[in-house]
Amino acid sequence: MATSFIEYLATALFALAVIHTFSVPVFARMANKGGPHAGLWHLLSEVEAVFGVWAAVLVAFMVVFVGVGDAVAYVESANFTEPAFVFAIMVVAASRPIIAVVNMLVKLLAGLLPMRRELSMYFVILAFVPLAGSFITEPAAMTLAALLLRDAYFRRHGQEGFKYLTLGVLFVNISIGGVLTAYAAPPVLMVANTFGWDSAYMATHFGWRAALAVLISAGAATILCRNYLLDGTIGVASAEKDRAPVPPIVIAIHIAFLVAIVLSAHHMPIFMGLLLLFVGYAYAYRHHQNPLMIREGLMVGFFLAGLVVLGGLQKWWLQDLLGGLSPTVLFWGSAMLTAITDNAALTYLGSLVEGTSETWRYMLVAGAVTGGGLTVIANAPNPAGFAILKNTFPDGAISPLKLLAAAAPPTLIAAVLFLL
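Presented here is an overview of the structure given in this document. Remember, it's a predicted structure, so these values are computed and weren't measured experimentally.

Overview of the overall build of the protein
Along the protein, the regular secondary structure elements total 23 helices and 0 strands. Taken over the C-alpha trace, the protein has a radius of gyration of 21 Å; the compact-globule value for 420 residues is 22 Å, and the two agree within 12%. Seen along its three principal axes, the alpha-carbon backbone of the protein occupies a region of about 65 × 55 × 40 Å. Per-residue burial for the protein yields a buried fraction of 55% across its 420 residues. Accessible surface, the protein: about 17400 Å² in total, of which carbon and sulfur atoms supply 69%. Computed over 20 positive and 20 negative side-chain charges, the separation of the two mean positions in the protein equals 13 Å.

In structure tokens:
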């Protein structure tokens, strides 16, 4: 009886947390007005804090209704590897040497395209960086793409429509851009072993469709934003021009740390140990660094950890709902449910349904990755993009409804290709 009550309570708090994410701009405007409670409104306007705060409320209720022991046991049973990994990869990927080498590669690739540099740079960031997520993981790709967009295009005030359109395409492309392999996208990673999918299967069944959708959406965004990109008011940031270049040996060491953390993504003690070594090295050679994104990474990890705690008690309704859907309905249902819950949690619960066909499994995962750009909670890397880009938007907050509207067209493009 107590367990059922806690499950109902967790679902009610989960719903409140979802409503809270859509209310963030309201709290941001209240915080900007000042007053005795401005600090509280500012806390509530931090989208990265939303699920962590409501997860803490859930744990407090569990302590009261089922006891400290059961509450602690539940928290300890949760798997926090993904939040910790996103934190670690975000800190390393956002370091100056990594950004420097990625910026160099983006410029090199942009120079090969038959279009003006202002257009080709934008296209490469929205298309090829998300596709690189299939190899360096989606959280790393999101971090790199968001930083490049912030420094090159988002620093100028205004241009709100341009920023939301870009953000919607970025989130969708990151979500589907990681499915060329079996280890880079969280919703794929959760089911790959259970379904018997390897990287060859992913490339032939998902990869080419995702790559085509990414290129179409990035190309359409480049065409739509052509005037903004060519008007001379948006360009590559020049802050780095006054600094000495990063030595190749420092870049090589940073890349080695990044690769090692990616390879140890399933083993929290190893990649967290590597992160601590990296932080020590970065501070030893801080003249080659920008400030590490420790605070932003911790906030994103807090968000995802809260999502794990709250999402772990949604099985009672999600699994039965998914199991009762036909494949085509499942695709659209999965895409829509992803907007209000993490797509990795959704595919994991779907993998527990017994007696499913290969078509049903394909539709489950395809729908989950298709809807992964609709909201901040839809895909694990999204909070990282939010944390990096939110201060370039009015009131320092990103409107969930405007993001949803901007992400809808690239989501439909992805849906058409996955349903072919």
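Having seen the structure, we can now continue with the description.
Quick word on the side chain of histidine 20
Within the fold, histidine 20 resides in helix H1 (residues 2-22). Setting aside its immediate chain neighbours within four residues, histidine 20 contacts Phe27, Leu44, Val50 and Trp54.

Details of the pattern of salt bridges
Counted under the stated rule, the structure contains 7 salt bridges. Close ionic contact of aspartate 151 with arginine 155 constitutes a salt bridge, the shortest N to O distance being 2.7 Å. A relative accessible area of 23% places aspartate 151 in the partly exposed class. Each of Glu46, Glu48, Arg295 and Lys390 takes part in one network of salt bridges that share partners.

Some remarks on helix H18 (residues 315-323)
Every α-helix carries 3.6 residues per turn, so stepping three or four residues along brings you back to the same face. For H18, the full list of buried residues reads Leu318, Gln319 and Leu322. With its buried residues spanning 90 degrees around the axis, H18 presents them on a single face. In this structure, the buried residues of H18 make contact with helix H19 (327-338), helix H20 (343-351) and helix H21 (358-370).

Considering the nonpolar core
With 139 residues, the main nonpolar core has Phe51, Tyr122, Tyr153, Leu170, Phe206, Phe278 and Phe418 as its most contacted residues. The element best represented in this core is helix H9 (residues 138-154), accounting for 12 residues. Setting aside chain neighbours within four positions, we find tyrosine 122 in contact with Leu149, Tyr153, Phe162, Leu165, Thr166, Ala221, Thr222, Cys225 and Leu229.

Remarks on the packing of aromatic side chains
Aromatic rings considered in pairs are described by the distance between their centres and by the relative angle of their planes. By the definition in use, this model includes 24 aromatic pairs. Measuring from ring centre to ring centre gives 6.1 Å for phenylalanine 27 and tryptophan 41, while their planes differ by 20 degrees; the resulting arrangement is stacked. Taken as a pair, phenylalanine 27 in helix H2 (residues 24-32) and tryptophan 41 in helix H3 (residues 38-45) lie far apart in primary sequence, 14 residues in all. Relative to phenylalanine 386, the ring of phenylalanine 171 has its centre 5.8 Å away and its plane inclined at 40 degrees; by these criteria the two rings are tilted. Of this pair, phenylalanine 171 sits in helix H10 (residues 160-177) while phenylalanine 386 sits in helix H22 (residues 382-389); the two residues are 215 residues apart in sequence, bridging distant segments of the chain.

The rules behind each value
- Residues numbered from 1 in each chain as written.
- Predicted model: local features only at pLDDT ≥ 70, side-chain atom pairs only at ≥ 80, totals over all residues.
- Heavy atoms only, no water.
- Helix = DSSP H or I, 4+ residues; strand = E, 2+ residues; numbered from the N terminus.
- Rg over C-alpha atoms; globule rule 2.2 N^0.38 Å.
- Buried < 20%, exposed > 50% of the residue type's maximum accessible area, 1.4 Å probe, protein only.
- Areas by Shrake-Rupley, 256 points an atom, 1.4 Å probe, with all protein chains shown as cover.
- Lys, Arg positive; Asp, Glu negative; His and termini not counted.
- Charge placed at Lys NZ, Arg CZ, Asp CG, Glu CD.
- Contact = heavy atoms within 4.5 Å.
- Salt bridge = Lys/Arg side-chain N within 4 Å of Asp/Glu carboxyl O.
- Arc of directions from axis to C-beta.
- Core = buried A, V, L, I, M, F, W, Y, C linked by side-chain atoms within 4.5 Å.
- Phe/Tyr/Trp six-rings, centres within 6.5 Å; stacked < 30°, edge-to-face > 60°.

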